[in-house]
Amino acid sequence: MGAILLCSTFGIAQDNLWSSGRPDGHAPISIMADHYHKKGEIMFSYRFMPMWMSGNLSSAKEISEAEIHEDYMVAPQKMKMTMQMLGFMYAMSDGLTFAVMGNHIANDMDLVTGMREGFVTKSSGFGDVSVSGLLKIVNGNKQSLHTTIGISIPTGNIDQRDDTPMMANAQLAYPMQLGSGTWDPYLGVTYLGQSTNFSWGVQPSYKLRLGTNTEDYALGNLLNVVAWGAIKASDYLSFSTSINYCNLGEITGQDADLNPMMMPLFNTVNSGRNQMDLGVGSNFYISSGGLKNLRLGLEVKIPVSQSVNGIQMKNTLATTFGVQYSL
Ligand SMILES: [Cu+2]
């Protein structure tokens, strides 16, 4: 009720509305569901998101391959995960925007045995599809608040296999799989604010896993909190910085095809992490002409602190390049 009153009070002065019609009217490109649309608007987006891992951590400290080989036959060395994401948004009304996202994932992992034999495993294919509704709570006084309620549908394959020196067509580690295998509802709240030359936002979100998947496990729940600020350098260019905290829970259950003594990422004790990332990015926005409402975004994120349960790979860099176009 309070929100409705606020909405109608602030809604009178159109100049006072928070607006997406500027380069920093969208959050840094790695952030999803940061904005909603006006009734009838449609938006398509494409994101290219490579991320890299290198070396291993035991809790928050680096651990050598030799130390890993004391307990496991194989040690992971490097991993690259490339996600490509397609998104579609449609505003059914000024208060409700519908969003669907699908992705394609390609993973590469370099590993080494205790006998120093190196090998590579690969997996690729379509990941999970998410469907969500973005509900505007209030927009006024150059500030906006909305909530996102969604569900991730387990379309991604979780039986990815590849040949290894130990076994042909071996089940691959949990992080090499393409989806969670479970239906994952999520809830997020996004606060946005802007002044003439600056903008900022905060978005906490939580993703829950329902039940266990066909391989008898469930990934940990995911808490994510991101805050960002941006400066509008001109009508078409902005620069941003962001700080992201995430807490991913431990895997429950286990995939019977994965021998926990083989390598750290086959053992669910080595799952779940806390991580803080610092990001810098830029948005480019065309506000008029034939390419009106075309946006390009680039963001680079570097982990500034990470602490893992047990032994896991160390994240080193995550980048996002994206194109968005609204009609
Ligand atoms: Cu959009």
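What you see is a predicted model, and the numbers here were worked out from it, not measured in a lab.

## Some points on the coordination of the copper ion
Item 1. The protein atoms that coordinate the copper ion are His 35 (NE2), His 37 (NE2), Met 43 (SD) and Met 89 (SD), at distances of 2.0 to 2.4 Å.
Item 2. Each of the four donor atoms around the copper ion contributes to a set of angles spanning 104 to 124°, which defines the coordination as tetrahedral.

## Digging into the pairing of strand 14 (residues 237-248)
Item 1. Pairing analysis gives eleven bridges linking strand 13 (residues 222-232) to strand 14, with the strands arranged antiparallel. Among the inter-strand pairings, Leu 222 is bridged to a residue of strand 14, identified as Leu 248.
Item 2. Between strand 13 and strand 14, which pair antiparallel in sequence order, lie four residues.

## Quick word on empty space enclosed by the protein
Item 1. Across all of its chains, the model carries four cavities of 30 Å³ or more by this definition.
Item 2. A volume near 80 Å³ is recorded for the second largest cavity.
Item 3. Along the walls of the second largest cavity sit 15 residues, with His 26, Ala 27, Ile 29, Asn 283 and Gln 324 positioned nearest its centre.
Item 4. Looking at side-chain class alone, the lining of the second largest cavity contains seven nonpolar, five polar and three charged residues.

## Thoughts on a nonpolar patch on the surface
Item 1. A surface patch of nonpolar side chains, about 640 Å² in accessible area, is lined by Trp 183, Val 202, Tyr 206, Leu 208, Leu 210, Leu 223, Val 225 and Tyr 245.
Item 2. Going through the elements one at a time, strand 11 (198-207) and strand 13 are the ones with two or more residues in the nonpolar patch.
Item 3. As for its position among the elements, Leu 208 is in the loop between strand 11 and strand 12 (217-218).

## Observations regarding the layout of surface pockets
Item 1. Size it by volume and the second largest pocket reaches roughly 200 Å³.
Item 2. Of all elements in the fold, only strand 4 (96-113), strand 5 (118-126) and strand 9 (170-171) reach the threshold of two or more residues within the lining of the second largest pocket.

## What to know about the environment of Met 92
Item 1. Mapped onto the fold, Met 92 is located in the loop between strand 3 (74-91) and strand 4.
Item 2. The class for Met 92 is partly exposed, based on a relative accessible area of 40%.
Item 3. Note: C-alpha distance between Met 92 and Gly 179 (87 residues apart in sequence) is 29 Å.
Item 4. Excluding residues within four positions of it along the chain, Met 92 makes contact with Lys 39 and Phe 98.

Conventions we followed
Residues numbered from 1 in each chain as written. Predicted model: local features only at pLDDT ≥ 70, side-chain atom pairs only at ≥ 80, totals over all residues. Heavy atoms only, no water. Donors = N, O, S within 2.8 Å, 3.2 Å for Na, K, Ca; no water. Tetrahedral: all angles 85-135°; square planar, octahedral: opposite > 155°, others 65-115°. Pairing = 2+ DSSP bridges. Helix = DSSP H or I, 4+ residues; strand = E, 2+ residues; numbered from the N terminus. 1 Å grid on protein atoms, 1.4 Å probe; cavity = no way out; pocket = protein on both sides within 12 Å on 5 of 7 lines; lining within 4 Å. Points joined across faces, edges and corners; volume = space filled by probe spheres on them. Nonpolar A, V, L, I, M, F, W, Y, C, P; charged D, E, K, R; others polar. Patch = residues over 30% accessible without salt bridge, like charges linked within 9 Å, V, L, I, M, F, W, Y side chains within 5 Å. Areas by Shrake-Rupley, 256 points an atom, 1.4 Å probe, with all protein chains shown as cover. Salt bridge = Lys/Arg side-chain N within 4 Å of Asp/Glu carboxyl O. Buried < 20%, exposed > 50% of the residue type's maximum accessible area, 1.4 Å probe, protein only. Contact = heavy atoms within 4.5 Å.

As far as function goes, none of this settles anything; it's purely spatial.
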